Amino acid sequence: MAITLDITGVLQAAAFWVSNKGGSNGWKLFLYFYMMLTALSVCLGNDPVILSGTAFLVYYTKVNELNPIAWLMSEFAAANTASMVLFVGNPTNVVVCEGFRINNAAFTVYTILPFLACSITCFVALAAQFHKSKYLPKDLNVAGDLDVRSVLLDPRGAWVGSILLGTCLVVIIVVSFFHVDVWKISLPFAVAKFIYDIGWDHYRFLHKIPTGHDKAKRSDEDLANVEEDIVLDQLGHRRENPSGNVPKLLAETPRAVTFEDTGNLPSLMPSSTQTRNNTRSNTMNTTRTIVETKPGHREDSRKHTLSFPFLTRLRLVLLSYQNGMSARFPTLYTAFPRLPFALIPFAFSQFILIEGLAHQGWIDIFARWLVIATGRQMYPTIWLVGVLGVILCNLSGTNIGATILLTKVVRSALVSAPPDSDVNLEAFSRAAGIALAVASNIGAVSFTFSASLAGLLWKQILNQKGIFIKQTTFAWWNLAPLAVMTGVGLAVVCAEMAVLF
């Protein structure tokens, strides 16, 4: 639901609107962007915001000739810090809720105050270290107001997606008091959004309503010509024009137009797609004229097609199917590759590794160390689990691995407690769980890119845009925000536990 909402362009439109509000005041714009990214990450989670926000900031800083470091670091910190509010904001939150048996609504109640404290102090730390530096000038030479509507590709889809996602989150929070599994609530909403996307895309295709993704469509005849040209080129039967040159054929797959494309602002709008398709159309028309000057050429080439190898014919069928899908269902075609499929085998392998440690007895050993260090007391547990969580995010295969490991260790420490113990085991469990929730989210704002999947995704997007941030640079600018968030966040958790227990 979050990804398809992003595809409508609503996040890009929000970024353009905030940019216009900030104007040329560098510090005001810096604050506005931080607040916007924080608010969006609370509702959508960190991954969709990083997908869209990173690409937009790369474009924005490039157009306005700004050093992108300050903007990108603040975006990364804001998105990952805000993901601790809702249990759906980060996979680690789900692990904590399941492992410590925390109600989903109660999870938000526990984490909202640490989030506010971490978010505010994080911005203060970012502002302090970028103060009076070349990375964040006070006055910006902005290119002018940005057209908000130009990037809102599907206004109706944005409204429907926002209503469905918002309603789903409200229902999940309400029914969590009745111990209903989360997937039983989220799945029907996701299916409803899927059916809407399929139906709405099909309706726009039949009625030739511009989708904003790719307004210029190929005809079936043009597609057949391009496919034939590809095969002829592979077999060495190139179509030559009278001058002896081989016309360059464009057989690229249509794709959604988002602001993740680099270049100037006009190239980010549907007009760039129109230009690209006009070029393609002209090329195919030229080719068609040359073919018509050679009677019998098309018949001969089709005879060749019948004798092509199986894999070549299969490739043509798949290409035709792919182009048809992208034209008829642009939302599904764009959203499907962005789904976090890699998270499934990754998280599964993390559970397997932790179970291996448990089978060899290491989890019990770590649990004894935890009991010796904390005595199952509430405040030492908060600080030790919290600090260890932040550190292990860098060492345990992202924050997911660290969260699974520490959850197992704390659960083992609870099980091994003697029945007649005078220790408040409920306070021990709840303190460890909330401290780990805070640590696993702010731990992404850490020293290595691999501290979170969001960090790896963020780095990949920047590399694709030609921006290469060194590991040492990443660690240096995250040092102050991480230190203050760890101290303040865990201190707030201590205050909450003191009131509750």
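Predicted model, so just to flag it, every value in this text is computed and none were measured.

Novice: Help me understand the overall build of the chain in this model?
Specialist: The secondary structure content of the chain amounts to 21 helices and zero strands. Relative to its 501 residues, the chain shows a buried fraction of 51%. Long-range pairs, those at least 24 residues apart, make up 80% of the contacts in the chain with a sequence separation of at least 6.

Novice: Just to check I follow, could you spell out the pattern of salt bridges for this structure?
Specialist: Where side chains of opposite charge bring their charged atoms close, a pairing between them can arise. For the structure on display, the rule yields five salt bridges. For aspartate 201, the salt bridge identified is with arginine 204, shortest N-O distance 2.4 Å. Of the two residues, aspartate 201 and arginine 204 are both situated in helix α9 (residues 183–206); the distance of three residues between them amounts to about one turn of the helix. Note that glutamate 355 and lysine 408 form a salt bridge whose closest N and O atoms lie 2.5 Å from each other. Of this pair, glutamate 355 sits in helix α15 (residues 343–359) while lysine 408 sits in helix α18 (residues 398–415), and the two are 53 residues apart along the sequence. You can call lysine 408 partly exposed: its relative accessible area is 29%. Connected via shared salt-bridge partners are Asp154, Asp201 and Arg204.

Novice: Looking at this structure, I do not really get the packing of helix α5 (residues 69–82) against helix α7 (residues 104–130). What am I missing?
Specialist: When two helices pack together, their arrangement is captured by the angle between the axes and the distance separating the axes. Packing of α5 against α7 brings their axes to within 10 Å, and their N-to-C directions diverge by 170 degrees. With respect to α7, the element α5 is oriented roughly antiparallel. Contacts from Ile69, Ala70, Met73, Ser74, Ala77, Thr81 and Ala82 in α5 reach Phe115, Cys118, Ser119, Cys122, Leu126 and Phe130 in α7. Broken down by class, the residue content of the contact of α5 with α7 amounts to 10 nonpolar, three polar and no charged.

Novice: Please clarify how the nonpolar core should be interpreted in this entry.
Specialist: Soluble globular proteins: nonpolar side chains tend toward being buried together. Counting 112 residues, the largest nonpolar core has Phe33, Phe56, Trp71, Phe130, Ile382, Trp458 and Ile469 as the members making the most contacts within it. Once residues within four sequence positions are removed from consideration, phenylalanine 130 is found in contact with Trp27, Phe30, Ile69, Ala70, Met73, Tyr135, Leu136 and Trp477.

Novice: Even after reading the chapter, I still don't get unusual backbone geometry, so can you show me in this structure?
Specialist: Leave glycine aside and you will find that most residues have negative phi; peptide bonds, for their part, are mostly trans. For arginine 101, which is not a glycine, the phi torsion comes out positive at approximately 55 degrees. On the secondary structure map, arginine 101 appears in the loop between α6 (91–99) and α7. Arginine 101 gets classed as exposed once you look at its relative accessible area, which sits at 61%. Even without glycine at this site, arginine 376 takes up a positive phi of about 55 degrees. Within the secondary structure, arginine 376 is located in the loop between α16 (362–374) and α17 (378–392). For arginine 376, a relative accessible area of 11% translates into the label buried.

Novice: Would you mind showing me how to read the environment of alanine 79 here?
Specialist: Position of alanine 79 relative to the elements: it lies in helix α5. Beyond its immediate chain neighbours, meaning those up to four positions away, alanine 79 contacts Ser41, Asn46, Val49 and Ile50.

Novice: Looking at this structure, how should I read the packing of helix α8 (residues 155–175) against α9?
Specialist: Interhelical geometry of α8 versus α9 gives an angle of 170 degrees and a closest axis separation of 9 Å. The angle between the axes of α8 and α9 places the two elements in the roughly antiparallel class. Contact residues: α8 offers Arg156, Gly157, Val160, Gly161, Leu164, Thr167, Cys168, Val171, Ile172 and Val175, while α9 offers Ile185, Ser186, Phe189, Ala192, Lys193, Tyr196 and Trp200. Looking at the contact of α8 with α9 residue by residue, the class counts come to 11 nonpolar, four polar and two charged.

Novice: I'm lost on the packing of aromatic side chains in this one. Help?
Specialist: For any pair of aromatic rings, the description consists of the separation of the ring centres together with the inter-plane angle of the planes. By the definition in use, this model includes 21 aromatic pairs. Each member of the aromatic cluster is reached from another via a ring pair, and the members are Phe16, Trp27, Phe30, Phe33, Tyr34, Phe56, Tyr59, Tyr60, Trp71 and Phe123. Taking NZ or CZ as reference, lysine 459 lies 5.6 Å from the ring centre of phenylalanine 449, over its face.

Novice: Hey, could you run me through the confidence of the model for the chain in this one?
Specialist: With 80% of its residues at a pLDDT of 70 or more, the chain shows a mean pLDDT of 80. Counted against residues more than four places away or in other chains, residues 301–306, with its pLDDT under 50, gives seven contacts.

Novice: Can you walk me through helix α19 (residues 425–442) in this structure?
Specialist: The periodicity of an α-helix, 3.6 residues per turn, causes residues three or four positions apart to be oriented the same way. With 18 residues, α19 ought to run about 26 Å at 1.5 Å a step, and its terminal C-alpha atoms sit 26 Å apart, in line with that. Between the side-chain oxygen of the N-cap and the backbone nitrogen of glutamate 426 there are 3.2 Å, and the N-cap of α19 in question is asparagine 424.

Novice: Looking at this model, I keep getting lost on a nonpolar patch on the surface. Mind explaining?
Specialist: Residues Val170, Ile173, Val174, Phe177, Phe178 and Val180 make up a contiguous nonpolar surface patch of roughly 560 Å² in combined accessible area. Locating phenylalanine 178 in the fold gives a position in the loop between α8 and α9.

Novice: Can you help me understand helix α13 (residues 310–328) in this one?
Specialist: End to end, α13 covers 27 Å across 19 residues, agreeing with the expected 27 Å (1.5 Å per residue, within 8%). When we look at burial in α13, the residues that qualify are Thr312, Leu316, Leu319, Asn323, Ser326 and Ala327. Each buried residue of α13 lies within a common arc of 100 degrees when the element is viewed along its axis, so the set occupies one face. Across from the buried face of α13, at angles greater than 90 degrees, the exposed residues are Phe310, Leu311, Val317, Leu318 and Tyr321.

Novice: Is there a simple way to explain the environment of leucine 457 in this structure?
Specialist: With respect to the helices and strands, leucine 457 occurs in helix α20 (residues 453–464). By relative accessible area, which is 22% here, leucine 457 ends up partly exposed. When the C-alpha atoms of leucine 457 and leucine 51 are compared, they prove to be 7.7 Å apart, with 406 residues separating the residues in sequence.

Novice: So what exactly am I meant to see when it comes to the environment of isoleucine 50 here?
Specialist: With respect to the helices and strands, the residue isoleucine 50 is situated in helix α4 (residues 46–63). A C-alpha to C-alpha distance of 9.1 Å links isoleucine 50 and glycine 455, two positions 405 residues apart in sequence. Beyond its immediate chain neighbours, meaning those up to four positions away, isoleucine 50 contacts Glu75, Phe76, Ala79, Asn80, Ala454, Leu457, Trp458 and Ile461.

Novice: What exactly am I supposed to notice about the side chain of serine 41 here?
Specialist: On the secondary structure map, serine 41 appears in helix α3 (residues 26–44). Residues in contact with serine 41, not counting those within four places in the same chain, are Asn46, Val49, Ala78, Ala79, Ala82 and Ser83.

Criteria and thresholds
- Residues numbered from 1 in each chain as written.
- Predicted model: local features only at pLDDT ≥ 70, side-chain atom pairs only at ≥ 80, totals over all residues.
- Heavy atoms only, no water.
- Helix = DSSP H or I, 4+ residues; strand = E, 2+ residues; numbered from the N terminus.
- Buried < 20%, exposed > 50% of the residue type's maximum accessible area, 1.4 Å probe, protein only.
- Contact = heavy atoms within 4.5 Å.
- Salt bridge = Lys/Arg side-chain N within 4 Å of Asp/Glu carboxyl O.
- Axes fitted to C-alpha atoms, helices over the stretch in contact; angles between N-to-C directions.
- Parallel < 35°, antiparallel > 145°, perpendicular 65-115°, else oblique.
- Nonpolar A, V, L, I, M, F, W, Y, C, P; charged D, E, K, R; others polar.
- Core = buried A, V, L, I, M, F, W, Y, C linked by side-chain atoms within 4.5 Å.
- Phe/Tyr/Trp six-rings, centres within 6.5 Å; stacked < 30°, edge-to-face > 60°.
- Lys NZ or Arg CZ within 6 Å of the ring centre and 35° of its normal.
- pLDDT = per-residue confidence, 0-100.
- Expected span 1.5 Å × (residues − 1).
- Polar contact = N/O pair within 3.5 Å; in protein donor to acceptor, adjacent residues only side chain to side chain.
- Patch = residues over 30% accessible without salt bridge, like charges linked within 9 Å, V, L, I, M, F, W, Y side chains within 5 Å.
- Areas by Shrake-Rupley, 256 points an atom, 1.4 Å probe, with all protein chains shown as cover.
- Arc of directions from axis to C-beta.

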